[in-house]
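The lines below spell out each chain.
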Amino acid sequence: MNQDLETLMALERAHILANYTQARPAGSPGDAQESADLSLCRLTDHHGFLQEKELPTLSRREAKQHRQETRRAVKWVKMLGNWDHYRPSEKMRRHLYKGIPPQVRGQVWALLLDIPKVKSTHQGLYEKMKERAQLSCKDIRQIDLDVNRTFRNHIMFRDRYGVRQRALFHVLLAYSVYNPEVGYCQGMSDIVGLLLMFLGEEDAFWALAQVMSLETHAMHGFFAPGFPKLARFQRHHDIIMKKELKGLKKHLDEQGMSAGLYTTKWFLQCFIGRTPFSLTLKLWDAYILDGERVLTAMAYTVLRLHRKRLLKLPLEGLQGFLQDTLAQPWALEDEAVLRHLRASMAHLRRRKCDLPPPGGGKGHQSPGLQRSPASLGAVAEARQTCRDPVREPRSCIPAQVSILAPASQDPKLGKCANTRTQHKWMRQVGDTSAQASVRFPPAPEGEAGLRPQGKAGTHGSEPFLTADIQ
């Protein structure tokens, strides 16, 4: 029986790998349903998202934004030509918080994360991790499933097993072996997908490694077993609310709207799928420059700007607004939102609550902060040499079950499931796959899971969010 199961798993692995290693002509459908869903799309918007209807003429606001991007790209090219001079300057920071032009965004991200230096220091390591992962990664099935639903309405990821889907698959597969303490967790595919829109495959791998391990970002703790950093940031978000937005905090508490119901993707993915895509890109510009301070400040900024409207909404309205409506075009221009973000960062820093206190204990320590890329690769190589598993299989949800069940669906979990109750629920569900080891972040109520589609607004759409500027 065990041999039969192992044989089936080996065949499945070989089949998945074959799909990503054999070249496929552009436009080849993955299956009939996917082809039907995407066949209506004919045009792409400014960010590369496919639209079902013909796009209207650019609005005056959008035309102005395009002209600004062109002018700013020229300035960025000059700064890139003398990067050592501009990198620590306030001028560079000021330009960055207006948004990096897409023409140079990838190059700027790479320099801010020191990717050229890391690549030259660890030449060949990415290819080694790719080869090793194809033999030993236990998460290959889940990675394949998540690749299939990552930014599928974007021109780069439309084709099943296309160039960018293959790159996404290989980056996630390699990283799961490169950093076995994190491995693979749902939500990482959208981060890598965003990086691949502006970086090459290997650069995207090292960008992921950097934001996971750099002390200023330390995203490792968000995806480590138990999600310790997520819980810590959500508690700190409540503290900020009590200090700065007491009335709104009281209203949210009365409606049963806890931070766990709306901040999970804010912190885990830096607002991917939770703000308009153009704004999300600018938030990632700021995040790559300033790190995790952007997360706490932007969470505060979102609630402050929409405080008056949120105070009028019941629980269902709050959920819809914070989980869905915020992803639609805002009344404020992106540049104005970024100005509010900078003001919030300065305000929280003065109030000494821009970041939560460091977590204590082994469970809250981020191993990535003490390990260089070389040492992480050495750990993976040593484990493979000793024929140890990449990590011990943990109980998880079968593939057909969505991410952690919403708290309200099980009265035993209460309104906001903590790490202990999440693991208890996972054990009750059981593991029937015998190979899965993927961790699933807690899903806010009413969501199918951490699977954003990244759909962008279309040209000419009317913004309907009002900003409560005080």
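For the structure, check the block above.
In short, a report on the structure. This is a predicted model, so every value here is computed, not measured.

Right, let's talk about the overall build of the protein chain for a bit. From N to C terminus, the protein chain includes 23 helices and two strands. Residues classed as buried in the protein chain amount to 54% of the 470 residues present. Partitioning the contacts of the protein chain with sequence separation of at least 6, the portion at a separation of at least 24 is 80%. Surface exposure of the protein chain reaches about 21,200 Å², of which carbon and sulfur atoms provide 51%.

At a closest axis distance of 8 Å, the pairing of helix α17 (residues 277-290) and helix α18 (residues 293-305) adopts a crossing angle of 140°. When the interaxial angle is binned, α17 and α18 end up oblique. Two secondary-structure elements touch here, α17 through Leu279, Leu283, Ala286, Tyr287 and Asp290 and α18 through Arg293, Val294, Leu295 and Met298.

This next bit is on the packing of aromatic side chains. Taken as a whole and judged by the stated rule, the model has 18 aromatic pairs. Each member of the aromatic cluster is reached from another via a ring pair, and the members are Tyr126, Tyr175, Tyr178, Phe205 and Trp206. It is arginine 105 that lies over the ring of phenylalanine 198; its NZ or CZ is 5.2 Å from the centre. The cationic tip of arginine 342 hangs over the ring face of tyrosine 97; the distance from NZ or CZ to the ring centre is 5.0 Å.

The next point concerns the side chain of aspartate 334. In this fold, aspartate 334 is placed in helix α21 (residues 334-350). Only 3.4 Å separates the side chain of aspartate 334 from the side chain of lysine 282, close enough to count as a polar contact. Excluding its chain neighbours within four sequence positions, the residues that come into contact with aspartate 334 are Ser278, Leu279 and Lys282.

Thresholds, definitions, all that
Residues numbered from 1 in each chain as written. Predicted model: local features only at pLDDT ≥ 70, side-chain atom pairs only at ≥ 80, totals over all residues. Heavy atoms only, no water. Helix = DSSP H or I, 4+ residues; strand = E, 2+ residues; numbered from the N terminus. Buried < 20%, exposed > 50% of the residue type's maximum accessible area, 1.4 Å probe, protein only. Contact = heavy atoms within 4.5 Å. Areas by Shrake-Rupley, 256 points an atom, 1.4 Å probe, with all protein chains shown as cover. Axes fitted to C-alpha atoms, helices over the stretch in contact; angles between N-to-C directions. Parallel < 35°, antiparallel > 145°, perpendicular 65-115°, else oblique. Phe/Tyr/Trp six-rings, centres within 6.5 Å; stacked < 30°, edge-to-face > 60°. Lys NZ or Arg CZ within 6 Å of the ring centre and 35° of its normal. Polar contact = N/O pair within 3.5 Å; in protein donor to acceptor, adjacent residues only side chain to side chain.

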